[in-house]
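Take a look at the letters that make up each chain.
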Amino acid sequence: MRTIAHIIATAGGIGFLKGGGTAAAVVFCIAWYFFPIGYVYQALLLVALLAVGIWSATRMETVWEHDSNRIVIDEVAGMMITLIFLPHNGVYIVTGCVLFRFFDMVKPLGIRQAELLPRGMGVMADDVLAGIYSQLILRAIVMGKFL
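First, a word on scope: everything that follows refers to the structure included in this document. (Residues numbered from 1 in each chain as written. Predicted model: local features only at pLDDT ≥ 70, side-chain atom pairs only at ≥ 80, totals over all residues. Heavy atoms only, no water.)

Before going further, it helps to examine the environment of Asn-69. Structurally, Asn-69 is set in the loop between α3 (39-60) and α4 (73-83). C-alpha separation for the pair Asn-69 and Leu-17, spaced 52 residues apart in sequence, amounts to 9.6 Å. (Helix = DSSP H or I, 4+ residues; strand = E, 2+ residues; numbered from the N terminus.)

Residue Ala-11 is not a glycine yet carries a positive backbone phi of 50 degrees. Its location among the elements puts Ala-11 in the loop between α1 (2-9) and α2 (20-34). For Phe-85, which is not glycine, the phi dihedral falls at a positive 65 degrees. Mapped onto the secondary structure, Phe-85 falls in the loop between α4 and α5 (90-106).

Let us look at empty space enclosed by the protein. With the rule as written, the count across this model stands at one cavity of 30 Å³ or more. Along its surface, the largest cavity is lined by Trp-32, Leu-83, Leu-86, Pro-87, His-88, Asn-89, Tyr-92, Ile-93 and Leu-138. Here the lining of the largest cavity is built from residues that sort into seven nonpolar, two polar and no charged. (1 Å grid on protein atoms, 1.4 Å probe; cavity = no way out; pocket = protein on both sides within 12 Å on 5 of 7 lines; lining within 4 Å. Points joined across faces, edges and corners; volume = space filled by probe spheres on them. Nonpolar A, V, L, I, M, F, W, Y, C, P; charged D, E, K, R; others polar.)

Listed below in structure tokens is the structure:
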């Protein structure tokens, strides 16, 4: 089971790259662009991603420290939250990635405090919150047609 948790937590090994969080976000954006899925499947995939992300992060922090930089499944989930239910558009995907990485790195508005939750929940929570903030800004951009 630890091998499965290891693969999930590192997003197939991306977490071992230098800048793994950014790499995982970019890889997700590329996949999102080339393999669009309908809204129902987006919702189902997000629920599954959050569940396995919490599980795998909890398992792997017993091997590594809490919120290890090797664990990047949280960045994948955060990027999905950023882009979910929005029009499939390359400019929006790139803008969403920039917004998400900003919030994930700077950690304003309670994002840093979300990391303090225990185990895998804390690992995932800060990126979920960064994704929510990014989604709200990106949605405003889309609705206002600023890009």
